[in-house]
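# Chain and residue survey
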Amino acid sequence: MPEVIHSRETFQQVVLDSTEHIRYSYIWEDYSLLKKAVEVHSSHFEKALIIGGSGDNALSLLASPLEKLVIVDLNPAQMVLIRLKISAIARLSFEEFLELFGYMDSLNRRSLFQKVSGDLDAETKSYWQRNFHLVERGLCDQGRLEAYFKKFREQVLVHIIDRRKMNSLLTAQTIEEQYKIWSSLDLPRLLKESEKFFSQSALSHEGRDASQFQYVNESNVGKTQFYRLQKILGKQLIRENPYLHFFLTGRPLVGRASYPLLEKEGYLHIRNHLDSIELHCQELGSFLSETSDRFDFIALSDIFEYLSPEESEQLFESLVQKTENNGVLTYWSLFVERWPLAKKWIADKKLSATLTHEDRTWFYSQFHVLSKAES
Ligand SMILES: C[S@@+](CC[C@H](N)C(=O)[O-])C[C@H]1O[C@@H](n2cnc3c(N)ncnc32)[C@H](O)[C@@H]1O
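Everything numeric in this text was worked out from a predicted model, so none of it was measured.

This part is about the overall build of the chain. Across its full length, the chain carries 19 helices and eight strands. In terms of overall size, the chain behaves like a compact globule, its C-alpha atoms giving a radius of gyration of 20 Å where 375 residues would be expected to give roughly 21 Å. On the principal axes, the C-alpha backbone points of the chain span a range of 55 × 50 × 40 Å. Taking contacts inside the chain between residues at least 6 apart in sequence as the whole, the part at least 24 apart equals 77%.

What follows is the structure, encoded as structure tokens:
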């Protein structure tokens, strides 16, 4: 079982505070874009570096054999979630995993947790014992962001989309049918509520965090998000999109157009490769300054969003030092655009545009694919 390598001081500060909440318990970044970025650039890669978050995309990468998978996240609460997922994959059947993490209903979570907890390091075990109510409720929608989406469903959506219309939206067979139902809703009211609910100030207190808006210049984040949602509803069917389905219902579309961790075959492959994982509870730049590894695939979520242009450039430079020639770097932009100025990274603009268009999540402005120029 992989050890978590972390800064002990930070870990204890946060983990010992039982009020600390997991920020992301579900993944809001489309795994299929990562997969396509890899497939186009090379049929195979051996060493991957990925930001942890909920762990779902990171662990899904193990559905294909890897020599090494390094997962880095500075937030200890995300690390304990990932650590629990790794132990669960090793010990539980696919169906039991879905139960434990709330992807399926269960009255059995305590005994499933006990089956898994023997493998956990003392701090991770203690965190979950102190926060067992999160496990009991079904972890997949207990993150700070997921809880906020839940509040949006309960306080706003139910009053605008009644049960019958929601059911028609979830089961619509064509885009035309789906968009017609959407257009029949009280959209001016939904826009107004979204502007309030997903405003920068509201999200800084609940859902996300003020530090995530430090470099955001958008004047109306909620309005932008409303129109991004509306745009995807004109392009993709909810019944085929696990991210839209989860946002609207709080329930996953298990086994259908999802990602390997939530598909039985993928799950079993991942289990066979858990030994390739290395976990680091650390800020990425600090990890890069210490590691002697070089990677051929790197996936960075949207972490540049929180960095100044100078800090971003410094990170692009550190990354280039730790990337193999032709190695691939991917990341999303949400409201803040960052790209490397140095010529050592080559942007694949065509692929980035195609994958941005195909993205099954709607929040982001861009998905970026770059490769390291040969040196
Ligand atoms: C970037 S966030 C996902 C954000 C989500 N898309 C959003 O914008 O709300 C995913 C993870 O990145 C981690 N993270 C952010 N910046 C980091 C950094 N510089 N080094 C390591 N982890 C970082 C966070 O702790 C979080 O768990």
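That shown, we press on.
Taken together, 20 residues lie near the ligand, and G53, N75, L284, S301 and I303 sit nearest. Considering only residue class, the shell around the ligand consists of ten nonpolar, five polar and five charged.

This paragraph deals with the nonpolar core. Core analysis: the biggest nonpolar cluster contains 90 residues, and A37, A48, I50, L69, I71 and F297 have the highest contact counts within it. The element contributing the most residues to this core is helix α4 (residues 76–91), with nine residues. When residues of this core are assigned to domains, at least three fall in each of domain 1 (4–141 + 259–372) and domain 2 (144–249). Filtering out sequence-adjacent residues up to four positions away, A48 remains in contact with L61, L66, L69, F295 and F297.

Put simply, helix α10 (residues 163–171) and helix α11 (residues 175–183) touch, their axes get as near as 8 Å, and they point 155° apart. Between α10 and α11, the crossing angle belongs to the class labelled roughly antiparallel. Handedness of the crossing formed by α10 with α11: left-handed. Listed contacts from α11 to K165, S168 and L169 of α10 are Q178, I181 and W182.

With that settled, the discussion passes to the pairing of strand β4 (residues 277–281). Within β4, four of the five residues are buried, which leaves it mostly tucked inside the rest of the structure. For strand β3 (residues 68–72) and β4, the ladder comprises four bridges, and the chain directions are parallel. Among the inter-strand pairings, L69 is bridged to a residue of β4, identified as I277.

The next thing to look at is helix α15 (residues 242–249). In terms of burial, α15 is largely enclosed, as six of its eight residues are buried. If you check which residues of α15 are buried, you get P242, Y243, L244, H245, F246 and F247. G250 occupies a position one or two residues after α15 and carries a positive phi of about 80°.

Phi is mostly negative for residues that are not glycine, and the peptide bonds are mostly trans. Positioned with a positive phi, S301 is a non-glycine residue whose angle comes to about 50°. In this fold, S301 is placed in the loop between β5 (295–299) and α18 (309–321). One non-glycine residue, N326, adopts positive backbone phi at about 70°. Looking at where N326 falls in the secondary structure, it is placed in strand β6 (residues 323–333).

Another aspect to go through is the packing of helix α2 (residues 31–41) against helix α19 (residues 349–358). Orientation of α2 relative to α19, taken along the N-to-C sense of each, is 155°, at an axis distance of 10 Å. Taken together, α2 and α19 sit at an angle that is classed as roughly antiparallel. Considering the relative orientation of α2 and α19, their crossing is right-handed. For the pair α2 and α19, the contacting residues are L33, K36, A37 and V40 in the first and L351, L355 and E358 in the second.

In this section: the confidence of the model for the chain. Of the residues in the chain, 93% reach a pLDDT of 70 or more, and the chain-wide mean stands at 90. Across residues 7–19, where pLDDT falls below 50, the model places 17 contacts with residues more than four positions away in sequence or in other chains.

Our focus in this paragraph is the domain arrangement of the chain. Considered domain by domain, the chain is made up of domain 1 (4–141 + 259–372) and domain 2 (144–249). On the domain 2 side, the residues contacting the 18 residues of domain 1 number 20 residues. Of the residues belonging to the side of domain 1 that touches domain 2, the class tally is nine nonpolar, four polar and five charged.

Let's shift gears to the pairing of strand β8 (residues 366–372). In terms of burial, β8 is largely enclosed, as six of its seven residues are buried. Looking at chain direction, β6 and β8 are connected through six bridges and run antiparallel. The residue of β8 that forms the bridge with L329 is L370. Judged from the three bridges that link them, strand β7 (residues 345–347) and β8 form a sheet pairing that is antiparallel. In the strand pairing of β8, I346 is matched with S371.

For the rest of this paragraph, the subject is the environment of L229. With respect to the element layout, L229 can be found in helix α14 (residues 221–233). For L229 and T361, which are 132 residues apart along the polypeptide, the C-alpha to C-alpha distance reads 8.7 Å.

Note that T291 resides in the loop between α17 (284–290) and β5. Along the sequence, T291 and A202 sit 89 residues apart, while their C-alpha atoms lie 38 Å from each other.

Quick notes on the rules
- Residues numbered from 1 in each chain as written.
- Predicted model: local features only at pLDDT ≥ 70, side-chain atom pairs only at ≥ 80, totals over all residues.
- Helix = DSSP H or I, 4+ residues; strand = E, 2+ residues; numbered from the N terminus.
- Rg over C-alpha atoms; globule rule 2.2 N^0.38 Å.
- Contact = placed C-beta atoms within 7 Å.
- Near = placed C-beta within 6 Å.
- Nonpolar A, V, L, I, M, F, W, Y, C, P; charged D, E, K, R; others polar.
- Core = buried A, V, L, I, M, F, W, Y, C linked by C-beta atoms within 7 Å.
- Buried ≥ 20, exposed ≤ 12 C-beta atoms within 10 Å, placed from the backbone.
- Domains from an automatic or database assignment.
- Axes fitted to C-alpha atoms, helices over the stretch in contact; angles between N-to-C directions.
- Parallel < 35°, antiparallel > 145°, perpendicular 65-115°, else oblique.
- Left-handed = near helix turned anticlockwise from the far one by under 90°.
- Pairing = 2+ DSSP bridges.
- pLDDT = per-residue confidence, 0-100.

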